[in-house]
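An overview of the molecular structure
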Amino acid sequence: MKTFYTLTLAGFLIMTFVVGCGKKSYDEGTQAALSIQNVEQELRMGKKQIESTMNAMEAMFAARGDHLKKQFKVYSDSVDDLEKLRKTVTKRLDTMVKKKADYLKQWSEQMQTIENTSIRETSEKRMASVEQMFASVQTEISTIGETFNPFMKKLNDIRTAMNMDLNVNGLQAMRPIADQAQADADTIAAGLDSAVSVLNSAVQAL
């Protein structure tokens, strides 16, 4: 699948130059590539932050006495950082979708000026492949979101509960929820790896 995306994107770039697309279309393509790269980088950061948050959670569960208060603070701050990153990623995704739409619109307009039927048909197929690539990325990210939202709720519920009951018994009561959160984190990490792989293929090709 990765090879397919790489060949597809490389092919459509070649066709862009062959058919003589204007500067505006080229600029739109550059902006689309940059937005893809930004999303890829943010998703990589997201995975690291999730790992950091889960490590902080486990350290909190292992802590006792005064050290427990310190670890709870570390965990709480880590959850806040993860929430901030989620908002940043959402903005990046919105930008990527907009740049994609602008780019495909320009491409479609340029394509209508191609007189050679064979070249126009080839370009249409290339554009359809690129649209499919973006659709695949959005599907991957949408799937991640289905797990991520409940995951964040679990993390926040653990924080709220521990804020009122920060002791060994309180920790034991939250252990099942923490285990569920860890399972969510593993699922999200796998999804992020898949999404990053597709995005990285796009960036490399562009």
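Please read these numbers as outputs of a predicted model, since none were measured by experiment.

For the rest of this paragraph, the subject is the nonpolar core. With 47 residues, the main nonpolar core has Leu43, Ile50, Met57, Met60, Phe151 and Leu155 as its most contacted residues. Breaking this core down by element, the ones donating at least two residues are helix 2 (23–62), helix 3 (66–111), helix 4 (117–164) and helix 5 (168–205). Top element by residues in this core is helix 4. It accounts for 13 residues. Excluding anything up to four places from it in sequence, leucine 155 contacts Thr53, Met54, Met57, Tyr75, Val79, Leu82 and Ala181.

Across the chain, the average pLDDT comes to 80, with 81% of residues at 70 or higher. Element-level mean pLDDT values for the chain span from 37 in helix 1 (residues 2–18) up to 87 in helix 5. With pLDDT under 50 throughout, residues 1–25 is counted as low confidence; its partners more than four residues away or in other chains account for 43 contacts.

Moving on, we get to the pattern of salt bridges. Side chains that carry opposite charge are capable of pairing whenever their charged atoms lie near each other. This model, assessed by the stated rule, comprises 9 salt bridges. In this structure, arginine 159 and aspartate 80 form a salt bridge, with 2.8 Å as the shortest nitrogen-oxygen distance. Here arginine 159 is found in helix 4, whereas its partner aspartate 80 is found in helix 3, with 79 residues between them in sequence. A relative accessible area of 17% means that arginine 159 is categorised as buried. The class of aspartate 80 is partly exposed, set by a relative accessible area of 32%. Glutamate 109 is paired through a salt bridge with lysine 105; the nearest N and O atoms lie 2.7 Å apart. Pair noted here: glutamate 109 and lysine 105 are both in helix 3, with a separation of 4 residues, about one helical turn. For lysine 105, a relative accessible area of 48% gives the class partly exposed. In the salt-bridge network here, residues are joined through shared partners; they are Glu58, Arg175 and Asp179.

With that settled, the discussion passes to the layout of surface pockets. Taken as a whole, the largest pocket holds about 300 Å³ of empty space. For the largest pocket, the lining is made up of 16 residues, of which Leu43, Arg86, Val89, Ile144 and Phe148 are closest to its centre. Put simply, the parts of the chain that give the lining of the largest pocket at least two residues each are helix 2, helix 3 and helix 4. It is helix 3 that provides the largest number of residues to the lining of the largest pocket, a total of 7 residues. For the lining of the largest pocket, a count of residues per class yields 10 nonpolar, 4 polar and 2 charged.

About the thresholds
- Residues numbered from 1 in each chain as written.
- Predicted model: local features only at pLDDT ≥ 70, side-chain atom pairs only at ≥ 80, totals over all residues.
- Heavy atoms only, no water.
- Core = buried A, V, L, I, M, F, W, Y, C linked by side-chain atoms within 4.5 Å.
- Buried < 20%, exposed > 50% of the residue type's maximum accessible area, 1.4 Å probe, protein only.
- Helix = DSSP H or I, 4+ residues; strand = E, 2+ residues; numbered from the N terminus.
- Contact = heavy atoms within 4.5 Å.
- pLDDT = per-residue confidence, 0-100.
- Salt bridge = Lys/Arg side-chain N within 4 Å of Asp/Glu carboxyl O.
- 1 Å grid on protein atoms, 1.4 Å probe; cavity = no way out; pocket = protein on both sides within 12 Å on 5 of 7 lines; lining within 4 Å.
- Points joined across faces, edges and corners; volume = space filled by probe spheres on them.
- Nonpolar A, V, L, I, M, F, W, Y, C, P; charged D, E, K, R; others polar.

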